[in-house]
Amino acid sequence: MIVSHPRRTIISRHEQFHLAQQALRRLDRGTGLIALGASLIVGAIAALIWLQPHLAPIPASIAINLMTIGIGAACLIAGWRRYSFHRQLRAATAITDAPMIDCWIENAFEGEPGVIAWELVTSQPDGTEVRLRQAQLIDPSLVTVFQRAATVPVRYVPANPTVSALIIE
């Protein structure tokens, strides 16, 4: 069950789900994925170097190690992207009031966080307008505070407006 507050814009359940997933990904700083990826790669390479001579009659052992290296590389890339997002966010200086799209609580479990979605409207250097819908998890007690707001303060990187976060005082 979803407890949604009066919407400023029409937003589908599918888009709510997508924005909630985006908000969850924003929490992860990427360090765990980087550590996992590095350990998978080092472990697979070590297995190829030290264990492969003993496992030569088993051709699947090479394929398993190569797949492990691929999974480790994917974890490293995803972790680095999340780490870079948070590093850029710490350096973000531009602040604007963004129109709030919606504010809701997913009531699947007790104590679920609230989700607040906004639309960041910025201009590119060539003058084109960019509209980005983004979301962030908030404490459920703040949902009632934000339900009355028409806009929310957002800090973002002007060169990369996908890097933005709600300013909660």
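Structure shown above.
So, here's what we can say about the structure. Bear in mind the structure is a predicted one, so any value in this text is a computation, not a measurement.

**So, the pairing of strand 6 (residues 160-166)**
Across the 7 residues that make up strand 6, a large majority, 5, are buried. With 4 bridges joining them, strand 5 (residues 151-157) and strand 6 adopt antiparallel strand pairing. Its bridge partner being in strand 6, V154 is matched across the sheet by L166. The turn linking strand 5 back onto strand 6 is made up of 2 residues.

**Comments concerning the nonpolar core**
Counting 15 residues, the largest nonpolar core has C103, I116, W118, I138, F146, V152 and L166 as its most contacted members. Counting residues in each nonpolar core, the second largest holds 10 residues, with I11, L19, W104 and L137 among its members.

**Concerning a nonpolar patch on the surface**
A grouping of I45, I49, W50 and L51 is seen on the molecular surface, where their side chains present a nonpolar patch of about 440 Å² in accessible area. On the secondary structure map, I45 appears in helix 2 (residues 31-51). The class of I45 is partly exposed, set by a relative accessible area of 38%.

**Concerning the environment of A135**
Structurally, the position occupied by A135 is in strand 4 (residues 129-138). C-alpha separation for the pair A135 and R26, spaced 109 residues apart in sequence, amounts to 8.8 Å. Every residue in contact with A135, bar those within four places of it in the chain, is listed here: L19, Q22, A23, R26, V115, I116, A117 and W118.

**Focus on helix 1 (residues 13-27)**
For helix 1, which comprises 15 residues, the first-to-last C-alpha distance of 22 Å matches the rise-based estimate of 21 Å (1.5 Å per residue) to within 8%. Among the residues of helix 1, Q16, L19, A20, Q22, A23 and R26 are the ones counted as buried. All buried residues of helix 1 project into a common sector of 160° when viewed along the axis, lining one side. In this structure, helix 1 carries H14 and L24 as exposed residues pointing more than 90 degrees from its buried face.

**Focus: the packing of helix 2 against helix 3 (residues 60-91)**
How two helices sit against one another is set out by the angle between their axes and by the gap between those axes. Between helix 2 and helix 3, the least distance of the axes is 7 Å, while the angle of their chain directions is 155°. In terms of axis orientation, helix 2 runs roughly antiparallel to helix 3. Here helix 2 runs over helix 3; the crossing is left-handed. Broken down by class, the residue content of the contact of helix 2 with helix 3 amounts to 20 nonpolar, 5 polar and 1 charged.

**So, the pairing of strand 2 (residues 94-106)**
As paired elements, strand 2 and strand 5 share 6 bridges and run antiparallel to each other. Within the sheet, the bridge partner assigned to I95 lies in strand 5 and is R155. With 5 bridges connecting them, strand 2 and strand 3 (residues 114-123) associate as antiparallel partners. Bridged to D102 within strand 3 is A117.

**Remarks on the environment of I64**
By secondary structure assignment, the location of I64 is in helix 3. For I64, a relative accessible area of 48% puts it in the partly exposed group. Sequence separation between I64 and L48 is 16 residues, and the spatial gap between their C-alpha atoms is 9.9 Å.

Here is what the cut-offs are and how they apply
Residues numbered from 1 in each chain as written. Predicted model: local features only at pLDDT ≥ 70, side-chain atom pairs only at ≥ 80, totals over all residues. Heavy atoms only, no water. Buried < 20%, exposed > 50% of the residue type's maximum accessible area, 1.4 Å probe, protein only. Helix = DSSP H or I, 4+ residues; strand = E, 2+ residues; numbered from the N terminus. Pairing = 2+ DSSP bridges. Core = buried A, V, L, I, M, F, W, Y, C linked by side-chain atoms within 4.5 Å. Patch = residues over 30% accessible without salt bridge, like charges linked within 9 Å, V, L, I, M, F, W, Y side chains within 5 Å. Areas by Shrake-Rupley, 256 points an atom, 1.4 Å probe, with all protein chains shown as cover. Salt bridge = Lys/Arg side-chain N within 4 Å of Asp/Glu carboxyl O. Contact = heavy atoms within 4.5 Å. Expected span 1.5 Å × (residues − 1). Arc of directions from axis to C-beta. Axes fitted to C-alpha atoms, helices over the stretch in contact; angles between N-to-C directions. Parallel < 35°, antiparallel > 145°, perpendicular 65-115°, else oblique. Left-handed = near helix turned anticlockwise from the far one by under 90°. Nonpolar A, V, L, I, M, F, W, Y, C, P; charged D, E, K, R; others polar.

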